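# Breakdown of the fold
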Amino acid sequence: MTPALFDSHCHLSWEEAEHPVADTLERARAAGVLDLLCVGVDLASSRRAAEIAAAEPGVRASAGIHPNDLPLAPGALGRELAGLERLLAGGGFAAVGETGLDRHWDRVPAAIQEEGFQAQLELAAAHGLPVVIHCREAIDRVRDVLRSLGRPAAGVMHCWSGRAEEVDDFLDLGLHVSFAGNLSYKRNEELREAARRVPRDRLLLETDAPFLAPQPRRGRRNEPAFLPHTLAALAAARGEDPEALAAATRANAYRLFGPAPAGGGSAAGMVTISPEA
Ligand SMILES: [Zn+2]
């Protein structure tokens, strides 16, 4: 038996032709990953996420435009955001994002990133949905933007990678904090310290697949089936029981992204897996 898990952030339609979603989900379920949030990074992948969510039990969809994928042409951002608003109005989404700020890559100027982030925060609030926040080398600015809202932020700091004490401000803002496979990397002691600071009822687990495969799969294409390795890393870092942590992170994700469907999903809490999984 293995604990049932919720992958709070994955990209199922990435290189879908070579990596069919049905195969990915089959391996995920065999590994106990029964619930997944499939995250869009632009309008096309957001639409596709909703299609997958409608067809596959346990999959939820998030619609958003990643800061590195915002359009640059004059007037294009407004059109893109209007498209996102129409998509959200059509329903079928459990969250808005991923959105946020990224100062590591400089393809999209900071001003456009901020406009896109602000607009998606407003869309999330207008639709009563949690927001999935991407933050890379921009913690101060993301925090300022969230504080300027003047209200608690419902959502998640995804793939947390800041300094340990920086996590406190985002917890104060009301956010959940999600940890990915880099938690398992040997030199990431700072990240494990951050994971110890997060109260159990604000923790989430994610793969960010196809990126950031955990040890011992590091260097390979990541997929939701590898999430148990990150659970193990989180449990070791916090000195807690993996089964209890799996249940807590799953309950947190249901609270944030919506309850498990009646009679389905991972309501049983434990699943039997085949030995080779
Ligand atoms: Zn992502």
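These notes cover the structure that comes with them. (Residues numbered from 1 in each chain as written. Predicted model: local features only at pLDDT ≥ 70, side-chain atom pairs only at ≥ 80, totals over all residues. Heavy atoms only, no water.)

Moving on: the overall build of the protein chain. A tally of helices and strands in the protein chain yields 9 helices and 10 strands. The C-alpha atoms of the protein chain give 17 Å as radius of gyration, which agrees with the globular expectation for 277 residues (19 Å, within 12%). Its C-alpha atoms give the protein chain principal-axis dimensions of roughly 55 × 40 × 35 Å. A buried classification covers 57% of the 277 residues belonging to the protein chain. Look at the contacts in the protein chain between residues 6 or more apart in sequence, and 73% of them connect residues 24 or more apart. Roughly 11,600 Å² of accessible area belongs to the protein chain as shown, and the carbon and sulfur atoms make up 52% of that amount. Side-chain charges of the protein chain comprise 29 positive and 38 negative groups, with the mean position of each set lying 2 Å from the other. (Helix = DSSP H or I, 4+ residues; strand = E, 2+ residues; numbered from the N terminus. Rg over C-alpha atoms; globule rule 2.2 N^0.38 Å. Buried < 20%, exposed > 50% of the residue type's maximum accessible area, 1.4 Å probe, protein only. Contact = heavy atoms within 4.5 Å. Areas by Shrake-Rupley, 256 points an atom, 1.4 Å probe, with all protein chains shown as cover. Lys, Arg positive; Asp, Glu negative; His and termini not counted. Charge placed at Lys NZ, Arg CZ, Asp CG, Glu CD.)

A separate point is the coordination of the zinc ion. Each protein donor to the zinc ion is listed here as H9 (NE2), H11 (NE2), E98 (OE) and D208 (OD); together their distances run 2.1 to 2.5 Å. Coordination geometry of the zinc ion: the 4 donor atoms subtend angles of 87 to 177° at the metal centre, consistent with an arrangement described as irregular. Along the chain, the residues donating to the zinc ion are arranged with the sequence spacing H-x1-H-x86-E-x109-D. Here H9 is found in strand β2 (residues 5-10), whereas its partner E98 is found in strand β5 (residues 95-102), with 89 residues between them in sequence. With relative accessibility at 2%, the residue E98 sits in the buried group. (Donors = N, O, S within 2.8 Å, 3.2 Å for Na, K, Ca; no water. Tetrahedral: all angles 85-135°; square planar, octahedral: opposite > 155°, others 65-115°.)

This brings us to the packing of helix α7 (residues 189-197) against helix α8 (residues 227-238). Direction vectors running N to C along α7 and α8 enclose 75°, while the axes themselves pass 9 Å from each other. By the angle between their axes, α7 is roughly perpendicular relative to α8. Taking contact as the criterion, the partners of R192, A195 and R196 in α7 are, on α8, L234, A237 and R238. Considered class by class, the residues forming the contact of α7 with α8 number 3 nonpolar, no polar and 3 charged. (Axes fitted to C-alpha atoms, helices over the stretch in contact; angles between N-to-C directions. Parallel < 35°, antiparallel > 145°, perpendicular 65-115°, else oblique. Nonpolar A, V, L, I, M, F, W, Y, C, P; charged D, E, K, R; others polar.)

Next up on the list: the nonpolar core. Core analysis: the largest hydrophobic core is formed by 68 residues, its most contacted members being L12, V142, L146, W160, F170 and F179. Core analysis: the second largest hydrophobic core is formed by 12 residues, V39, V156, L204 and L256 among them. (Core = buried A, V, L, I, M, F, W, Y, C linked by side-chain atoms within 4.5 Å.)

The way to describe two aromatic rings as a pair is by their centre distance and the angle between their planes. Per the stated rule, a full pass over the model turns up 4 aromatic pairs. On the basis of an interplanar angle of 35° and a centroid distance of 6.1 Å, the ring pair of F6 and F257 is categorised as tilted. Of this pair, F6 sits in strand β2 while F257 sits in helix α9 (residues 242-257), and the two are 251 residues apart along the sequence. Per residue, the accessibility class of F6 equals that of F257, and both read buried. A centroid spacing of 4.8 Å and a plane angle of 85° characterise the contact between W14 and F211, whose relative ring orientation is edge-to-face. Taken as a pair, W14 in the loop between β2 and α1 (21-30) and F211 in the loop between β9 (203-205) and α8 lie far apart in primary sequence, 197 residues in all. Among the aromatic side chains, those forming a connected cluster through ring pairs are F6, Y254 and F257. (Phe/Tyr/Trp six-rings, centres within 6.5 Å; stacked < 30°, edge-to-face > 60°.)

With that settled, the discussion passes to the pattern of salt bridges. A complete count under the given rule lists 19 salt bridges for this structure. Of the charged contacts, one joins D169 and R143 as a salt bridge, the two residues approaching to 2.6 Å between their closest N and O atoms. In this pair, D169 sits in helix α6 (residues 167-172) while R143 sits in helix α5 (residues 139-148), placing the two residues 26 residues apart along the sequence. This pair shows no difference in class: D169 is buried, exactly as R143 is. In this structure, the salt-bridge partner of R200 is E240, at a minimum N-O distance of 3.1 Å. Of this pair, R200 sits in the loop between α7 and β9 while E240 sits in the loop between α8 and α9, and the two are 40 residues apart along the sequence. (Salt bridge = Lys/Arg side-chain N within 4 Å of Asp/Glu carboxyl O.)

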